[in-house]
Amino acid sequence: KKTDTLEVVTSAVGVAIDACAVFASFILATWIKFDSGWMTVERGRPPDLYQHYAVGALFATLAFLVVYRSLGLYVRPQIGSFVSKIPRIVRGTAIGIVLAAVMAFAVQNELQEFSRAVIAVGFLAALVLVPLERWALFRMEWNLARHTREKNNVIILGTDTVAAHLQRTIKREPTLRS
């Protein structure tokens, strides 16, 4: 099957923006915990704080992307409303944070520690940032699909009501144009 270039590009952009949103969530959580003054820091600010947490955030981001991919969040074309995608996004974020926490506590030792508060705040930040950027991407893809040239390379065999229904659906749904 020949893959549509627009679908490949929008899927790649989705992966890149998801990675940026998850990574930014953990860096924001690190700032909130250690530098904002909003939370108490009992053991003091660790040296090389952002370098240490950026490496952890990078591995967490990769875990999130694998989970999102396994849940089919990068499948194109996107069909249906955005609201129907929210449960998968939240489920993927929850599974991703569990994987990130497991990885953080697996590598934790006396030299490298990850704050539980950073993981919790990162989860909350990802629950806000990822759906927001996903909604923006969904709207962008929808508008791109609506304004692309309509080409129908689909042959519908038959004359019954199912064929008529398929034809109407393809004309109505811009993301199904092929």
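Provided above is the structure to which this section pertains.
Figured I'd write up the structure that's included with this text. (Residues numbered from 1 in each chain as written. Predicted model: local features only at pLDDT ≥ 70, side-chain atom pairs only at ≥ 80, totals over all residues. Heavy atoms only, no water.)

Attention now goes to the packing of helix α2 (residues 49-70) against helix α3 (residues 86-106). Put simply, α2 and α3 touch, their axes get as near as 8 Å, and they point 140° apart. Judged by the inter-axis angle, α2 sits oblique to α3. When you trace α2 past α3, the crossing you get is right-handed. Across from F59, A60, A63, F64, V67 and Y68 in α2, the residues of α3 making contact are I89, G92, T93, I95, G96, I97, L99, A100 and M103. Among the residues forming the contact of α2 with α3, the class breakdown is twelve nonpolar, three polar and no charged. (Axes fitted to C-alpha atoms, helices over the stretch in contact; angles between N-to-C directions. Helix = DSSP H or I, 4+ residues; strand = E, 2+ residues; numbered from the N terminus. Parallel < 35°, antiparallel > 145°, perpendicular 65-115°, else oblique. Left-handed = near helix turned anticlockwise from the far one by under 90°. Contact = heavy atoms within 4.5 Å. Nonpolar A, V, L, I, M, F, W, Y, C, P; charged D, E, K, R; others polar.)

Moving on, we come to the side chain of S25. Tracing the chain through its elements places S25 in helix α1 (residues 5-34). Since its relative accessible area comes to 0%, S25 is described here as buried. There is a polar contact of 3.3 Å between the side chain of S25 and the backbone nitrogen of A126. Beyond its immediate stretch of four places on either side in the chain, S25 contacts G122, A125, A126 and L129. (Buried < 20%, exposed > 50% of the residue type's maximum accessible area, 1.4 Å probe, protein only. Polar contact = N/O pair within 3.5 Å; in protein donor to acceptor, adjacent residues only side chain to side chain.)

Residues L6, V9, V13, I17, M140 and L144 make up a contiguous nonpolar surface patch of about 440 Å² in total accessible area. Only α1 and α4 (116-147) provide two or more residues apiece to the nonpolar patch. In terms of residue count, α1 provides more of the nonpolar patch than any other element does, four residues in total. Of note, L6 is situated in helix α1. (Patch = residues over 30% accessible without salt bridge, like charges linked within 9 Å, V, L, I, M, F, W, Y side chains within 5 Å. Areas by Shrake-Rupley, 256 points an atom, 1.4 Å probe, with all protein chains shown as cover. Salt bridge = Lys/Arg side-chain N within 4 Å of Asp/Glu carboxyl O.)

A few words on α4. In an α-helix, one full turn covers 3.6 residues, which means residues spaced three or four apart are oriented alike. Here α4 is 32 residues long and its end C-alpha atoms lie 46 Å apart, about the 46 Å a rise of 1.5 Å per residue gives. At A126, α4 is deflected by roughly 25°, the largest bend along its length. Among the residues of α4, the N-terminal cap falls to S115, whose side-chain oxygen and the backbone nitrogen of A117 are separated by 3.2 Å. (Expected span 1.5 Å × (residues − 1). Bend = angle between axes of the 7 residues up to and from the residue.)

Membership of the largest hydrophobic core comes to 31 residues, with the highest contact counts inside it found for V22, F26, Y53, F64, Y68 and V130. Listed by contribution, the elements that provide at least two residues to this core are α1, α2, α3 and α4. Ranked by the residues each element gives to this core, the list is headed by α2, at eight residues. Excluding residues within four positions of it along the chain, Y53 makes contact with T30, F34, E113, F114, S115 and V118. (Core = buried A, V, L, I, M, F, W, Y, C linked by side-chain atoms within 4.5 Å.)

Let's shift gears to the packing of α1 against α2. Axis angle and axis distance: for two packed helices, these are the angle between their axes and the distance between the axes, and together they describe the pair. At a closest axis distance of 9 Å, the pairing of α1 and α2 adopts a crossing angle of 140°. It follows that α1 is oblique to α2 by the angle criterion. The crossing of α1 and α2 is right-handed. Contacts between α1 and α2 involve V15, D18, A19, V22, F23, F26, I27, T30, W31 and F34 on the former and, on the latter, L49, Y50, Y53, A54, A57, L58, A60, T61, F64, L65 and Y68. Its residues assigned to classes, the contact of α1 with α2 shows 18 nonpolar, two polar and one charged.

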